Amino acid sequence: MTVIFGIAAGLALVGALGVVLSQRTLYSALSLVVNMVSLAVLFLLLDAQFLAAVQIIVYAGAVMVLFVFIIALLSPGAEERVHPLEVRLLLGGLAAVVFTLVIGRLTLNGITVAGNGRLHGGLGPFAPTVVNAHGQVQTLGEQLFTTYLLPFEVTSLLLLVAAVGAVYLSKRRRPLL
Amino acid sequence: MSGMFPGFLILSAALFAIGAVGVLVRRNPLVVFMSIELMLNAANLALITYARYTDTMAGQIFALFVIAVAASEVVVGLALITGVYRSGRRLDLDELSEMSE
Amino acid sequence: MNPTFTLVLAAIVLGLPTAGFLVNALTFGKLPKAVVAWMGPGVVLGSFVAAVVALVAMMSRPPSDRGITIVFWHWLNASVGSGGGVAAQAGLNANFSVRIDPLSVLMMLVITGIGGLIHVYSVGYMDHDRSFNRFFAYMNLFVTSMLVLVMSNTLVFLIIGWAMVAFASYALIAFWYERKSAVVAGRKAFVTQVIGDVGLVLAAFLIFLNLRGPSGRLLHTVNMQTIFDNVGPGAHFHQGLGPVGGGMVTAIGILLFLGAAAKSAQWPLHTWLPDAMEGPTPVSALIHAATMVTAGVYLVARFHPIYQQAPIAASLVAAIGIGTALMAGFIGCTQYDIKRVIAYSTMSQIGLMIFAVGVGAYSAGMFQLVAHACFKALLFLAAGNVIHAINDEQDIRAMGGLSQRMKWTFACFTVGALALSGIPFFAGFFSKEELLSNGLALGPAVPWLWLVGVTVNVLTSFYIFRVVWVAFKGEPRSEAAAHAHEAPPVMLIPVVVLAGLAAVVGFLNIDFAGFAPVTGFTSFLRPVLGVPSHQPSDLVGGLALLAGVVLSLGGVGIVWAVYGKAVISRELVPRRLPWLYQLSYNRCYWDELYDYTLVRPVAALARGVRTILEPDVVDAAVAGVRDAIATLADDFRTFQTGFLKDYALVFFFFALVGLVVLGLRLT
Amino acid sequence: MTWPILAVLLLVPLGGALLILGLPGSRPRLIRICLIAVTAATLGLSVVMLVYFLAVPGSAASRLSGRANGQSLSQVHSPVTFQFQEQLSWLHTSSSLSQFHPAFNEGNNAFNQAGPPPINFSFHLGVDGLAVWLITLAALLFLVAAVVLSRKEERLKAFAVLMLLSEVGVIGVLTSLDLVLFYFFWEAALIPLYFIMIGWGDERRGRSALKFIIYTVAGSLFMLLAILGVYFITGAQTSVYTFDVPTLIAAQSFVSTTHATTFSLFGHSFPAMNPQDWLFLAFALAFAIKVPLVPFHSWLPDAYTSGKTPFLVFFAGIVSKLGAFGFIRYNLTLFPQASHLFQPLMMGLAVASILYGALAALAQSDVKRTVAYASISHLGFVVLGIFTLNIDGIDGSIIQMVNHGIVIAALFICVGIFEARFATRSLRDLGGLAKTMPVMAGMFLVVALAGLGMPLLNSFVGEFLILLGAFQVSPVWAVVASLGVILACWYMLRMYQGLTQGPLRAPGGPDESSVIAQAVGRFGRIDLGPVELVALVPLVALMVLIGVYPGPIIRYSRFSAAQYSQAVARGTVASPAARQVTTPADGQGRGR
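Residues numbered from 1 in each chain as written. Chains lettered and ligands numbered in written order. Predicted model: local features only at pLDDT ≥ 70, side-chain atom pairs only at ≥ 80, totals over all residues. Heavy atoms only, no water.

**Some remarks on the overall build of chain C**
Of regular secondary structure, chain C possesses 27 helices and two strands. In terms of its C-alpha atoms, chain C occupies a principal-axis envelope of roughly 120 × 65 × 55 Å. Taken across its 667 residues, chain C has 59% of its residues classed as buried. Within chain C, contacts between residues at least 6 apart in sequence are counted, and of these 79% link residues at least 24 apart. With 38 positive and 31 negative side-chain charges, chain C shows a separation of 3 Å between the mean positions of the two kinds. (Helix = DSSP H or I, 4+ residues; strand = E, 2+ residues; numbered from the N terminus. Buried < 20%, exposed > 50% of the residue type's maximum accessible area, 1.4 Å probe, protein only. Contact = heavy atoms within 4.5 Å. Lys, Arg positive; Asp, Glu negative; His and termini not counted. Charge placed at Lys NZ, Arg CZ, Asp CG, Glu CD.)

**Considerations on the interface of chain A and chain B**
At the junction of the two partners, chain A supplies 88 residues and chain B supplies 70 residues. Both sides of the chain A and chain B interface together cover about 7,100 Å² of buried area, and 78% of this is carbon and sulfur. One can count one salt bridge joining chain A with chain B. There are eight residue pairs in polar contact (both at pLDDT 80 or more) connecting chain A and chain B. (Buried area = accessible area lost by both parts, 1.4 Å probe. Salt bridge = Lys/Arg side-chain N within 4 Å of Asp/Glu carboxyl O. Polar contact = N/O pair within 3.5 Å; in protein donor to acceptor, adjacent residues only side chain to side chain.)

**Focus: the packing of aromatic side chains**
For the coordinates displayed, the defined rule picks out 52 aromatic pairs over all chains. With centroids separated by 5.0 Å and ring planes inclined at 55°, the aromatic side chains of Phe 132 of chain C and Phe 136 of chain C adopt a geometry described as tilted. On the criterion of helical spacing, the pair formed by Phe 132 of chain C and Phe 136 of chain C is a turn pair, its members being four residues apart in helix H4 (residues 132-151). Their ring planes at 55° and their centres at 5.4 Å tell us that Phe 283 of chain D and Phe 335 of chain D sit as a pair that is tilted. Note that Phe 283 of chain D is positioned in helix H9 (residues 275-290) and Phe 335 of chain D in the loop between helix H11 (309-334) and helix H12 (336-341), a separation of 52 residues in sequence. Each member of the pair, Phe 283 of chain D together with Phe 335 of chain D, is buried. Ring-pair connections join several aromatic residues into one group, and the members of that group are Phe 182, Trp 186, Phe 280, Phe 283, Phe 287, Phe 327, Tyr 330, Phe 335, Phe 342 and Phe 387 of chain D. (Phe/Tyr/Trp six-rings, centres within 6.5 Å; stacked < 30°, edge-to-face > 60°.)

**Focus on the domain arrangement of chain A**
Many analyses report the size of an interface as the accessible area lost when the parts associate. Residues and elements named next belong to chain A. As far as domains go, chain A holds domain 1 (1-78) and domain 2 (128-177). On a C-alpha basis, the centroid separation for the pair domain 1 and domain 2 is 21 Å. For the pair domain 1 and domain 2, the summed buried surface comes to about 380 Å²; carbon and sulfur atoms form 61% of the total. Together, Asp 47, Gln 49 and Phe 50 form the three largest contributors to the area buried by domain 1 at its contact with domain 2, with a combined 92%. Here domain 1 is connected to domain 2 by zero salt bridges. On the surface where domain 1 and domain 2 come into contact, there are zero residue pairs in polar contact (both at pLDDT 80 or more). The residue makeup of the side of domain 1 that touches domain 2, split by class, is two nonpolar, one polar and one charged. (Domains from an automatic or database assignment. Nonpolar A, V, L, I, M, F, W, Y, C, P; charged D, E, K, R; others polar.)

**Some points on unusual backbone geometry**
The step from Trp 267 of chain C to Pro 268 of chain C runs through a cis peptide bond, and the omega angle for that step is 5°. Turning to its location among the elements, Pro 268 of chain C is positioned in the loop between helix H8 (247-264) and helix H9 (272-275). Non-glycine residue Asp 55 of chain B carries a positive phi angle of around 55°. Topologically, Asp 55 of chain B is positioned in the loop between helix H2 (29-54) and helix H3 (58-86).

**Topic: the packing of helix H16 (residues 438-451) of chain D against helix H20 (residues 530-548) of chain D**
Residue and element names in this part refer to chain D. Close contact between H16 and H20 brings their axes to 10 Å; oriented N to C, the two are set at 40°. Relative to H20, the element H16 lies oblique. Seen along the crossing, H16 lies across H20 with a hand that is left-handed. Seen from H16, the contacting residues are Val 439, Met 443, Val 446, Val 447 and Ala 450; seen from H20, they are Leu 533, Leu 536, Val 537, Val 540 and Met 543. Taken together, the residues of the contact of H16 with H20 break down into 10 nonpolar, no polar and no charged. (Axes fitted to C-alpha atoms, helices over the stretch in contact; angles between N-to-C directions. Parallel < 35°, antiparallel > 145°, perpendicular 65-115°, else oblique. Left-handed = near helix turned anticlockwise from the far one by under 90°.)

**Some points on the environment of Glu 614 of chain C**
Structurally, Glu 614 of chain C is set in helix H26 (residues 590-637). On the basis of relative accessibility, which here comes to 6%, the residue Glu 614 of chain C falls in the buried class. Sequence separation between Glu 614 of chain C and Ile 254 of chain C is 360 residues, and the spatial gap between their C-alpha atoms is 38 Å. Residue contacts for Glu 614 of chain C: discarding those within four places in its chain leaves Val 609 and Asp 619 of chain C together with His 297, Pro 301, Tyr 356 and Tyr 373 of chain D.

**Examining the confidence of the model for chain C**
Residues and elements named next belong to chain C. On average, residues of chain C score 80 in pLDDT, and 91% of them are at 70 or above. The low-confidence segment residues 513-518 (pLDDT under 50) makes two contacts with residues lying over four places distant or belonging to another chain. Overall fold confidence (pTM) sits at 0.77, and the ipTM for the predicted complex is 0.70. (pLDDT = per-residue confidence, 0-100.)

**Some words on the pattern of salt bridges**
Residues and elements named next belong to chain D. If you walk through the whole model with that rule in mind, you get 20 salt bridges over all chains. Ionic pairing is found between Arg 204 and Asp 302, a salt bridge with its closest N-O pair at 3.6 Å. Separated by 98 residues along the polypeptide, Arg 204 in the loop between helix H5 (179-199) and helix H6 (205-238) and Asp 302 in helix H10 (residues 299-306) bring together distant segments of the chain. Arg 421 is the partner of Glu 532 in a salt bridge, and the nearest nitrogen-oxygen pair spans 2.8 Å. One end of the pair, Glu 532, is in helix H20; the other, Arg 421, is in helix H15 (residues 391-422), with 111 residues separating them in the sequence. By relative accessible area, which is 0% here, Arg 421 ends up buried. Each member of the salt-bridge network shares a partner with another, and the members are Arg 204, Arg 207, Lys 211, Asp 302 and Arg 369.

**Topic: helix H1 (residues 5-22) of chain D**
Between the first and last C-alpha of H1 of chain D there are 25 Å, a value that for 18 residues agrees with the 26 Å anticipated at 1.5 Å per step. Within the span of H1 of chain D, buried status applies to Ile 5, Leu 6, Ala 7, Leu 9, Leu 10, Pro 13, Gly 16, Ala 17 and Ile 20 of chain D. (Expected span 1.5 Å × (residues − 1).)

**Observations concerning the environment of Met 401 of chain D**
Residue and element names in this part refer to chain D. Considering the arrangement of structural elements, one finds Met 401 in helix H15. Classification of Met 401 as buried rests on a relative accessible area of 0%. In this structure the C-alpha to C-alpha distance between Met 401 and Trp 133, which are 268 residues apart in sequence, comes to 9.0 Å.

**What to know about the nonpolar core**
Residues Phe 190, Phe 303 and Met 366 of chain C together with Phe 327 of chain D are the most contacted members of the largest nonpolar core, which totals 444 residues. Apart from the residues lying within four places of it in its own chain, the contact partners of Phe 303 of chain C are Leu 155, Leu 158, Ile 207, Met 224, Phe 228 and Leu 256 of chain C. Phe 5, Ala 52 and Leu 89 of chain A together with Leu 78 of chain B belong to the second-largest nonpolar core, a separate cluster that totals 68 residues. (Core = buried A, V, L, I, M, F, W, Y, C linked by side-chain atoms within 4.5 Å.)

**A short note on the side chain of Thr 324 of chain C**
Residue and element names in this part refer to chain C. Along the chain, Thr 324 turns up in helix H13 (residues 311-332). In terms of polar contacts, Thr 324 uses its side chain to reach the backbone amide nitrogen of Trp 267, at 3.2 Å. Residues within four places of Thr 324 in sequence aside, it is in contact with Ala 265, Gln 266, Trp 267, Met 347 and Ser 348.

**A short note on the packing of H16 of chain D against helix H18 (residues 475-500) of chain D**
All names here are of chain D. As a packed pair, H16 and H18 sit with axes 9 Å apart at the nearest point and diverge in direction by 170°. Taken together, the axes of H16 and H18 lie roughly antiparallel to each other. Here H16 contributes Ala 441, Phe 444, Leu 445, Ala 448 and Gly 451 to the contact with H18, which in turn contributes Met 492, Met 495, Tyr 496, Leu 499 and Thr 500. When grouped by side-chain class, the residues that make up the contact of H16 with H18 number eight nonpolar, two polar and no charged.

In structure tokens:
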């Protein structure tokens, strides 16, 4: 399990770096796909099977296809070069390292984990065993349509607005900028 | 298993930081968008990790919403980018800036 | 004396001129001239009649009961009653109340009587002026203000009258406002008066804050009768302002005199009076001879309980009075403007009055005031006739020979001159005799003051007979003088009446014992002013009399020798003692001195504020702050690259900092 | 009085503004009539308030309106009595952040005991003998401004709306009894004033408006901090966290703070500044800018010079009084000890204003600037009276605020009249106009005389009481201040005589008929028109009326002046020797 985590995490990191550092946009997109898939694996490790599936379907599938499609459409090519020693990149990298170290310190020392492998403080009713017994998708669905109904509906509205907005923006009416 | 909890979080932080660097460094709006997706995914990872280790469902639900929002964001963002491209301008954020002099 | 009756009388005395002013002012010159010509003098004469009735009513009372106080309205009561959680506090409680007593009635008679005559005269003098109505509005306002001044029984209304008089005087000096010199003279007079007002106000503050009653309690009163009842050395007084000669009374005495000096044109606030001759001649007669300028004398006499307590202040008053008398007489000898000569004469005579009230001869000072009002008004009006007859020429060198063409005027002017000089049996003789003998009796400590006072007599008769000779005798020295005509009756009759008064008014002071209503002047005022601490012995009085008459005649003799027979050359003094002549001719250079030491520095200071302090200091400081902020803003502006990612970078940076801080805090 | 008159007083101009907003801009006559009607109604309401106002509020007359929101307002025993009080709770919290995370309980002691202080402010209105006159003055001046406002003014509708909004702000400042509400109105009044300043006036108006707004906002910022300071410090000491003014005045918290420590500088030892002193200074700065006192005055000449007459009538007439009002209402009552500590400073600034303003006025050739600097000088008297801290001085200041409002409004109207006819304000170009406009000259004379403190005109009463009050504190200050009276006489006469007397000098002159022809050509008439008379006559009549019979004003203001002087006298009780009030010259206080 730790091995799977190690491989997946390593791939995710490589994918992420690939996104940022690739000189061609298409490579970035492909790196992102690698990252997404690795994350889906990690989700599986975290007993979030449904989300892993959604991750593959929505992200690696729909979103990334859209990206690649746009890249192909616009074919921007290697329009910019990222110098590894660019000041901004160096600073950003430094900040990223510091950020990671801080979070790492916080997670390693700040928040202790009890012997049962769970966090201190209140535990919820949704232990993985319970959820799996009831069914992952069922639990999620029940929650979504009862407790989180309002956010769910709002999100659906948001998707609608986004769809309308995208259509509006894509219409050839007048130069946007 | 419990020993991996910090590992997930640190990975999440690292991905988030890399995404942030991408947003700050890259000039291509498409890559910036991808970096944003990367950050959102990192957040999702953190959310799901916490959900897993607190025996709650809220993290997963929230991650679901994040995915939905990210999808709509990508749709609008890409529409914007095509609009910009069609207006005949280079896809370079520095040159698109209206705020600089 | 029936209080209601007195109230009505006082209301009539005050109300008539007020009504005249209001009607005239609120119609903005639309009233027909004929109406104004009757109304203007009419209200003042009506007021005079009421004052006479008040006099008669008062004289029917025993001398101890001749003072009555009438409250007209509560002007301002700043006391707080207890209640609502506030402790009761006695505050300034100023009513408009008037005091009817011999002193105020005397002043009322002078103001309305002589004022009335001058109003009648003005109808003729101002006949051709386009601002006829405005003139009478101001004149009536002046009479009202002057009456408020002399009748008020509260310090506050004394101050109010004091300042209103100053305004009326200003308005009349600057009456011909198209003349630059008149405008400047008016402003000078007003500003000087305000300096005096400030002195009076400060004196009022000191009295209000420090006067103690019989029990040692602070009284906080501005009621003048209460004040007088509680200061003074007598057994029935309460040492309300500290001991005799104490710092408090001395300060009050000096501050009061600051007001008196401004009003009465005494050194060092005297320079406005000669310039005030820019006003029409009736104004000079009424305000700058008969009434307003004597208000200082009235003030010192009215506040004699305080001056009796303050020997240092009183001596200062006497010294300034006599000094001004000498200086003004000296200046008057060389002036050529007929009105200025009379103005300096006024200043000099008032100096004598101030001297008298300073040394404690209050009734003598008041007597001189009354006599002076008669003969000085006479002199001004007669001079006005002359000026009117020769086309507004005031220089005596352009006159001459007028005694032939203006016989009545000449006769009246001469009567005035005789009265002024103190020639026996004219008004001035009696008043000066009284004044100088009292001064001699009261002033043994300062006999030289008296000596100076007698010396003034020589100067007085010299300068006034110099005018008589130069202006009226000899041959006409100008075209206008050769064709002068006698004044019309409306202008002549008041002059004649005043001449009669100047001739006989002196006899008022002779005590016709046993004939109750007409008592001597001194005994008339005794209920208010008391008895002088020293009565001159017959010997002293006789000596003073003799010295005064001899010196006056000496002055006439000199004029006769210089201008009549030309025994002495006119050029004697200018040639032999040019500095003395120049000093006199240039009015002792006081105007120049004030101009260079006060007016110009203040004006320069004001200009400095405008041209240096405002733009270069205050605004520059503001601009400095503004520029500093702008520079700082410019510096900060370099951060605003306009690139989104730079902002994002900053954002992330600080988010990181925040995270680090939070992390350190939570672990 | 069972209905909330003060709230109505606020709502009438507000409603009027909305009404005029709804009118068509193409009907200037209708707009002007509506404006006059609304301002007249406000004045009428304030007169009603005057009629029902009690000169001495007794215990039987706690006239609370019925909308006290369930709380008895009389629980607070404030040293200053307010009438017509009405209170609506606005925001009241008692929540505690400490439940979120224990970290919030650490560190800050103020939060330790009962969590963070509850935010507690209310819509609390009330007036005393000080405010009641200023409100009436404000209502009167807004009416006069409405009358003076020409129908032909460009963008009349906007001007009218902004004017009414500033009236709301001004009345709000004067009536509010809650520091937050006060601050709200204080700032809210600025917005319409700023827009009027940049919208109407001469070509330099933009710069003037910016100067004014930056000055004022800079001052207000410190005041806002000080308001919070008052809130927290009073709360910490009395555990009552409130912005309510009567409660704060009643709180004796500041009285107990003494200067335990001293610091020495140049060999002198000074009491160290305690929080009260800083808060006093912060409030004082805001008010000193508004008044303005001398080092903070440089916005005023520009603002007054570039403004239009109707604007100046209420801007110079009432807005500058808000600073003086603030001094009395807040500085004296909330910081009695600091008031005594800074008394010499404030009196010194006031005297400096008197003399500086007078000297600057003396040197101006632009009559509008002369009036502006004269205003600084006159307001110096007001502040001098306030910081005598005794009943006479405070009372004199209250009266003088009213008087100055009347006089300065009339002076600006007069100056505006000359400007409208001759298109110049310079004494170099004008002179001898009494001949061509006698009625105007007569009116102007009365106004100028009132300006120089002529007895039997209104200013005399106030100046007399102020100087009397100052004399009790320090005869030297009083004497120096009275130099200002002499200078006032000088500059007022210089202005009056310069315009109306001397040889005729005007555009088109020196020929009288051509001067008249030019003025008529430019303005339509030479002497006063009916509108100008309607605006000026009531002001002039008030000058005479108050001068001849000041009794009624004193009767209302006296009680409040006594209360304020008592409130500030709390600062001397049990205070160290360093804080002793300067004693009168004779060393004897007034045995009241």
